[in-house]
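Observations on the model geometry
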Amino acid sequence: MSSSPIGKYLKTVFAKIVDNFLLTIAVPFATAAVIVGASRSDELTPLLHSVRNTDVLTIGFLLGTAVIALVMRRPRAVYLIDYACFRPPNTHRVPSSAFVEHVQQVSHWTERSKRFLKRLYERSGLGEETCVPLVGHYIDPYKYSKFEDGREEAEMAVFSAIDELFSKTSIAPQAVDILVTNCSEFNPTPTFSDMIINRYKIRSDIHHVHLSSMGCSAGLISIELVKNLLQAAPFGANALVVSTETLSANPYPGNERAMLLPFCLFRMGGAAVLLSTSPSMARFRLRCIMRTLTASSDQSYQCIYKEEDDKGYTGVNLSTELVAVAARTVKDNMTSIAPLVLPPSEKLLFAASFTARKLLNGRVKLYIPDFLSVFQHLCIHAGGRAVIDGVQRNFSLSDEKIEPSRMTLHRFGNTSSSSIWYELAYVEAKGRMDKGNQVWMIGFGSGFKCNSAVWECIRPVHDAHGPWADCIDRYPVHIP
């Protein structure tokens, strides 16, 4: 019976009743008791004298049960308890002078490739403090890169972020019920989630998932996955999301220009995020999350594509169409998420103008909702200067709205799926987050994907000592 669809449904209903035992018992009887008490009042006696107490009790019990059914069918709210970002050690820094000298010394790059990389770096928007793993400092790193280097880099980023998160929240690793990790380019055996479980001795019944090959948008895909898993878990369950990318294990030794871009843009980074259905320690509430995938389009599908070049070297090809694809996909994502976040007044104005336009054969201008006025802060994936410029230009964003993305790219580079958490940390480190503020996170990734999440601030923290602690006073900086 339990293996059939009906059996599974009944098992789920039974689990929810057990998890909410007090609620399912107390509300129906309380409702019935109130109705019985009201029926005995002097004012209602003439109206209810013909109704027996048992009938009133039954009606009350049924009403209470209906209320319970509605409450249990409603998805639980998901809260962000806290987050932490990895700050690479200064010994891993790559100043512009070191980058230029390194490029000049690499033997397998042609002079044309070296000139291209130097020009690209000058226009990249990266600052003097971005970091790469130790093997990336070697001349001809592909000769020395080993699988173990990728594992060591991953452990450094992941464990540092998780250690800080547990320290900030005072939650023990054994209290984590769900673990979701993501990393695209490096997939060790055992997996990332096993690595974390072994390090922190997390209990054996934890639900864990590792996502790979999802690109820079994997961070928000992980958040959506956790949101769904928390709906099936007991109330108050804790979920840990870990996002990172490793650079050590897959250096590209060829000369294809489109495959040289990641060498210039990607840097070390990682983030750990703790979520729960309990609001007791929450700092943000997840309002909604939306995923847009345009892989059915060949142009979108191939704009970030891992393949071999004509020499047989494997690398990630970043197409020249990437900026246009990103802008188009963001627009589709905005269209999908707008009904979930726009206030009723904006929806009514749009509906009225749309109806009038139809009735008057297009003689009325369609009202465009002020979509961005809903959000006080934007955290747009710091994928590269061209991508940030393209999004700002296409959606007429102010420099202030785009500042967290530009400054994150300058200080940390493109850290892939974790970049949005560095941007949120920037907003908080600058003391700009207030209670009730809404944050719109947007992540891009291969496929092509645009994933977004909207958070509402419950408890701001103005004395943040996160990844920006040693440099926030220097920002924002002018990027020529």
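Scope of this entry: the structure provided in the associated data block. Only a predicted model underlies this, so the values are computations on that prediction, with no experimental measurement involved.

For the chain, the count of helices and strands is 16 helices and 11 strands. Sorting the 480 residues of the chain into buried and exposed places 49% on the buried side. Across the chain, contacts joining residues at least 24 apart in sequence account for 79% of those joining residues at least 6 apart. Total accessible area on the chain stands at roughly 23300 Å², and carbon and sulfur atoms take up 58% of it.

With respect to the helices and strands, the residue Asp473 is situated in the segment after β11 (449-457). Between the C-alpha atom of Asp473 and that of Ala429, which follows or precedes it by 44 residues, the distance is 9.3 Å.

Its 20 residues place the ends of helix α12 (residues 322-341) 27 Å apart at the C-alpha level, agreeing with the 28 Å of an ideal helix rising 1.5 Å per residue. Residue Thr335 marks the point of greatest curvature in α12, where the axis turns by about 30°; the proline Pro339 follows within four residues. Among all positions in α12, only Leu322, Val325, Ala326, Ala327, Thr329, Val330, Asn333, Met334, Ile337, Ala338 and Val341 are buried. Contacts from the buried residues of α12 go to β6 (284-293), α11 (298-301), β7 (304-308), α14 (385-394), β10 (438-445) and β11.

One way to put it is that α14 packs onto helix α15 (residues 399-412) with a least axis distance of 11 Å and a crossing angle of 170°. By the criterion of interaxial angle, the relationship of α14 to α15 is roughly antiparallel. From α14, Arg385, Ile388, Asp389 and Gln392 reach across to α15, where they touch Asp399, Ile402, Ser405, Arg406 and Leu409. When grouped by side-chain class, the residues that make up the contact of α14 with α15 number three nonpolar, two polar and four charged.

One finds Trp421, Trp455 and Trp468 to be the most contacted residues of the largest nonpolar core, which totals 74 residues. Judged by nonpolar contacts, the second largest core, of 50 residues, contains Phe99, Leu261, Leu397 and Leu409.

So, on to unusual backbone geometry. For the bond from Thr189 to Pro190, the omega torsion is 0°, close enough to zero to count as cis. In this structure, Pro190 sits in the loop between β2 (178-182) and α8 (192-200). Put simply, Tyr475 and Pro476 share a cis peptide bond, and its omega is 5°. The residue Ser396 is not glycine, and still its phi comes out positive at about 50°.

Moving on, we come to the pattern of salt bridges. Here the structure, examined in full by the defined rule, presents 17 salt bridges. Arg474 is paired through a salt bridge with Glu129; the nearest N and O atoms lie 2.4 Å apart. Of the two residues, Arg474 is situated in the segment after β11 and Glu129 in the loop between α6 (111-122) and α7 (147-169); the sequence distance between them amounts to 345 residues. Looking at Arg474, the relative accessible area reads 43%, which means it is partly exposed. Close ionic contact of Arg291 with Glu224 constitutes a salt bridge, the shortest N to O distance being 3.1 Å. Residue Arg291 is located in strand β6, and its partner Glu224 is located in helix α9 (residues 218-232); the two are separated by 67 residues in the primary sequence. On the accessibility criterion, Arg291 (41% relative accessible area) is partly exposed. Several salt bridges converge on common partners, so that one network encompasses Asp82, Lys168, Arg283 and Glu428.

A word on the pairing of strand β4 (residues 238-244). For β4, the tally of buried residues reaches seven of seven residues, placing the bulk of the element in the interior. Of the two faces of β4, the one carrying Asn238, Leu240, Val242 and Thr244 and the one carrying Ala239, Val241 and Ser243 are both buried. Pairing between β2 and β4: five bridges, direction parallel. Its bridge partner being in β4, Val180 is matched across the sheet by Val241. By the bridge criterion, seven bridges tie β4 to strand β5 (residues 270-276) in an arrangement that is antiparallel. The residue bridging Val242 from the neighbouring strand is Ala272, located in β5.

Within β10, eight of the eight residues are buried, which leaves the element mostly enclosed by the surrounding structure. Burial along β10 is two-sided: the face carrying Gln438, Trp440, Ile442 and Phe444 and the face carrying Val439, Met441, Gly443 and Gly445 are both buried. Where strand β9 (residues 377-380) meets β10, four bridges bridge the pair, whose relative direction is parallel. What sits directly across from His377, in β10, is Val439. Where β10 lies against β11, eight bridges are found, and the strand directions are antiparallel. What sits directly across from Met441, in β11, is Ala453.

Reading the values: rules and limits
- Residues numbered from 1 in each chain as written.
- Predicted model: local features only at pLDDT ≥ 70, side-chain atom pairs only at ≥ 80, totals over all residues.
- Heavy atoms only, no water.
- Helix = DSSP H or I, 4+ residues; strand = E, 2+ residues; numbered from the N terminus.
- Buried < 20%, exposed > 50% of the residue type's maximum accessible area, 1.4 Å probe, protein only.
- Contact = heavy atoms within 4.5 Å.
- Areas by Shrake-Rupley, 256 points an atom, 1.4 Å probe, with all protein chains shown as cover.
- Expected span 1.5 Å × (residues − 1).
- Bend = angle between axes of the 7 residues up to and from the residue.
- Axes fitted to C-alpha atoms, helices over the stretch in contact; angles between N-to-C directions.
- Parallel < 35°, antiparallel > 145°, perpendicular 65-115°, else oblique.
- Nonpolar A, V, L, I, M, F, W, Y, C, P; charged D, E, K, R; others polar.
- Core = buried A, V, L, I, M, F, W, Y, C linked by side-chain atoms within 4.5 Å.
- Salt bridge = Lys/Arg side-chain N within 4 Å of Asp/Glu carboxyl O.
- Pairing = 2+ DSSP bridges.

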